[in-house]
Amino acid sequence: MSGLSSLDIAVITAELNTAIRDSLISNIYQLNDKTLLLKLRKHGEPKINLIIEAGVELHITAYDFKRPSKPPNFCMALRKYLRNGRIREIRQYDFERIVELMISSKSGEYRLIVELFGDGNIILVDSENRILHALTYRRMRDRNIIRGETFKYPPTKGRDPRSIRREDLEELRVNGHLEVVRSIVRVFGIGGKYAEEILARAGIDKNTPSSELGERELDRIYESLMDLVSEFSVENETPSVYVDEDGKWVDVSPIKMRKYSDMKTINFGSFNGALDEFYTRRAVEEEALRAKRAIEEQIRRLERILEEQKRAAEESMRKAEIYRRIGDAIYLHLNEIQFLLQRIMAEKRAGKSWKEISESLMKESGVPAAYFRGINPKAMTLSVSVDDLTFDLDLKASAQENAARYYELAKKAERRARGAEEAMKETKAKIEDVRSRGVVEAEKAELPMRIIRREWYERFRWFRSSEGFLVIGGRDRIQNELLIKRYMEPDDLVFHAEIPGAPFVLLKTRGEKPSEVTIFEAAQFAGSYSRAWREGLGSIHVYWVRPEQVSKSPPSGEYLSRGAFMIYGSRNYIRNVPLEVAIGVLVEDEGIRIIGGPPSAIAKQTGTYVKIRPGDKSSGELAKQIRNLLAGMLSGEARGALLRMPLDEIQRFIPPGGGSISRVGNT
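Residues numbered from 1 in each chain as written. Predicted model: local features only at pLDDT ≥ 70, side-chain atom pairs only at ≥ 80, totals over all residues. Heavy atoms only, no water.

(A) Geometry of the overall build of the protein chain. A tally of regular secondary structure across the protein chain gives 16 helices and 29 strands. Taken over the C-alpha trace, the protein chain has a radius of gyration of 41 Å; the compact-globule value for 667 residues is 26 Å, which it surpasses by more than 25%. Taking the principal axes of its C-alpha atoms as reference, the protein chain extends roughly 135 × 85 × 50 Å. A total of 667 residues make up the protein chain; the buried ones form 48% of that total. Partitioning the intrachain contacts of the protein chain with sequence separation of at least 6 by distance along the chain shows that 60% fall at a separation of at least 24. When the 109 basic and 100 acidic side-chain charges of the protein chain are each reduced to a single mean position, those positions are 6 Å apart. (Helix = DSSP H or I, 4+ residues; strand = E, 2+ residues; numbered from the N terminus. Rg over C-alpha atoms; globule rule 2.2 N^0.38 Å. Buried < 20%, exposed > 50% of the residue type's maximum accessible area, 1.4 Å probe, protein only. Contact = heavy atoms within 4.5 Å. Lys, Arg positive; Asp, Glu negative; His and termini not counted. Charge placed at Lys NZ, Arg CZ, Asp CG, Glu CD.)

And the structure:
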C-alpha cells in the first residue's frame, strides 16, 4: 500500500497537532506487525484513536479495529514508557517523510519517531537521543537502528519545495534523458503523484526528457510548483478521494488534483477524515485480497492432490486389469504352465544348475518351452510370456496358486482404485467447501464498525421527544442520586412512576414549554422503565413535579436511602400510561445508531423500529429478535453494520425483565 508524501505529511501533522496536542495516552495496541493504535484522551472531549502504520499512514480513525488479546513485545515496551504520557507536540521532521510525537511521562521525555518511507519503522528515543526500542532493528550503510545506539536521521531525499527558487530548476536539465517526472521527484523530494500533478498543471508531458526542457517549460513548472505548494495548508485544503470507473478508491490528497479530473471525487471536511476512509477501505480490500489468494492457494493444493489421486486410481485400475488378464492367461494355459513349473523344479532336484535349465529351455521351440523367458534364483520366480503378457510365477507354487495370487492382486488393486475414488470425492467436496468459504470471506470483507461516540447523557437512559426535548432517566439508585443532585436544573420537569423501584426522569426544557405530547412521552418513558414492566403490568400512573419540590431532606426522624428523594407539594398525574417501548435504527452519514424510547418519539425520528411490551422473553433473546427484524428493514452497508453490532447496544434500551414484540414499524 502506497504511503503519504512529504506534502501530505505536512498537512496531516498540522491537523493532528491541533487535534491531539496535550492529550494523554490511555493505552497502546499493536494491530499487526506494522500498525499501532494509540488510545488518547482529552479532558471533556471524546476519546481519540490514532492509527500509525509504519511506511504508510498516520491519522485519527473513527473505526473500531479489532485488537489482539496478547500484545507483542514492542507494544508492551511502548506501554511501559508512554502510557499516561502527554503528547506535547506532533511534527514533521525537516519536510521528510518522518513524523515525531514529543511525549512527556513520569519516567521522562521521549520521541516516538514514525518513518513513513520505504518499509517504514517506528522508533522510541529517549531525551538523550538514545534508541530504546524499535519496530524493526537493522544495520544500514548510513545509519543503524540498534537498541542503545544514538538515533540518526536518514540522508535528506530532496529539497523542500516550499523554499525552491526559480534558478534551482536548472538542476532538472542536468538529469539528461531521465523523464522530467522522475527528475522532479529526485530534486524536490515529493511523491510521484505530485510530480505528475505539477506537470499536468504546467501542460508538459511527464515522459519528456529532462534535457529537452526549455526556459518556458521551466517557468511553467516553477509556477505550477508554487501554485501547488500554496494549496498545502490547513486553511486552503480541499481533501478528496478519487474513485475510478470501476468504483475503486485510487488515491487521496488534501487538494484538488488536476491529474484525476476524469475521475469521480468524494470530498471530505478534513484531510484526516479522507485518510481514515481511504486507508481503512484499502486495508479491507487488501485483507480481502490476501484471503482470496490464500483460498486460491488452498484450491491449487487440493487440485494437485486431486490430480495425484486421479492418477493413483487410474494406475490401480490399469494394474487390476493386467493382473486379472494374467490370472485368466494362466488358467487358459494351465496344463502347459503347470508342466513347465514341474519340469524346472524336477531338473533342479536332479542336480542341474539354473543356468543349465535356462539354456536347455531357450533352445527348445515348442510349447511350453516357448513361454520361458528367464529364472530369478534369488526370488525363486519364473518369468514367462503368454498371450502378449510377460509376468512372473512363483516356482514353489502350482499354476492354480499363481493364478489365485494374481486374482488377489487384482482385487487389491481394485480396492486401492475405489479408495482413491472415494478420496477424490472427499477432495472435490473440500474444494467446493473452500470455494464456498472464499465467497463467505469475500462477503465478510467489510469496513470495521465505526466507534460509537457517546454524549454525556448516554450513560443514563435517554431519548429525544417528538419535539426534540432531551429526556434522561436513572438506571439504578446511584444514577438516580447523580441525576437529581448534579443534572437537575430549575427549568426541568421531574417524572416518577407511582411504584417503588422506579427511576427519576428529567425532562430538560432549557426554558421552553413542552407540549402535552412531550409530557406524555416522558411519563411513558418513566413508567416503562420502572418495576411495573418487570411485574408485567399493562399500564401505570405517573406524576411530574418541579425541581423545587424534590428534596433529599426527609421528615424529622426518618431516613432516605441512596437514590431516594422526598416529593413535597401537589403532583401532576398522567394516569393509566401504557407500558411500551420502541427500539429503532438511525442511519447517519457516520454510520448507524440505535435509539429507543416511547413509540411516538421514535417513530418521529425513524421508520425502522420495533415496538416491545412486557413479556416473558429474556433480554438477550429479545435483542437478537429485534436485531434480525431491524436488519430485515435495512439493506447494503447499513444492514451489515447492524448485524455486526454488539447485542448490548440494543439491550441498553430494553427495560429490566425482558419483554415481547408487539409491532414492527414501517420504513
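(B) Molecular detail of the pattern of salt bridges. Applying the stated criterion across every chain, the model contains 44 salt bridges. Here R165 and E167 are joined by a salt bridge, their closest N and O atoms 3.6 Å apart. In this structure E167 comes out as partly exposed when scored by relative accessible area, which is 47%. One salt bridge connects E303 with R435, and the closest N-O pair in it is separated by 3.4 Å. Of this pair, E303 sits in helix 6 (residues 271-332) while R435 is found in helix 9 (residues 399-444), placing the two residues 132 residues apart along the sequence. A single network of salt bridges, built from pairs that share partners, joins R166, E170, R173, E215 and D219. (Salt bridge = Lys/Arg side-chain N within 4 Å of Asp/Glu carboxyl O.)

(C) A look at the pairing of strand 13 (residues 249-253). Taken across its five residues, strand 13 has four buried, putting it largely inside the fold. Bridge analysis of strand 12 (residues 240-243) against strand 13 gives four bridges, and the strand direction is antiparallel. Looking at the pairing, Y242 lines up with D251 of strand 13. Here strand 12 folds back onto strand 13 in antiparallel fashion, the turn holding five residues, of which G247 has a positive phi close to 85 degrees. (Pairing = 2+ DSSP bridges.)

(D) Here's a closer look at the sheet that holds strand 28 (residues 609-617). One open sheet holds the four strands; their spatial order is 27-26-28-29, and the pairing between them is antiparallel. In the strand order of this sheet, the two ends are held by strand 27 (591-597) and strand 29 (659-664), each with one partner. If you compare each strand with its neighbour and ignore which way they point, the axes differ by 30 degrees on average. Here four bridges tie strand 26 (residues 581-588) to strand 28, and the two strands are oriented antiparallel to one another. Looking at the pairing, G584 lines up with Y609 of strand 28. Across the face of the sheet, helix 14 (residues 619-632) comes into contact with strand 26, strand 28 and strand 29 while running at roughly 155 degrees to strand 28. (Axes fitted to C-alpha atoms, helices over the stretch in contact; angles between N-to-C directions.)

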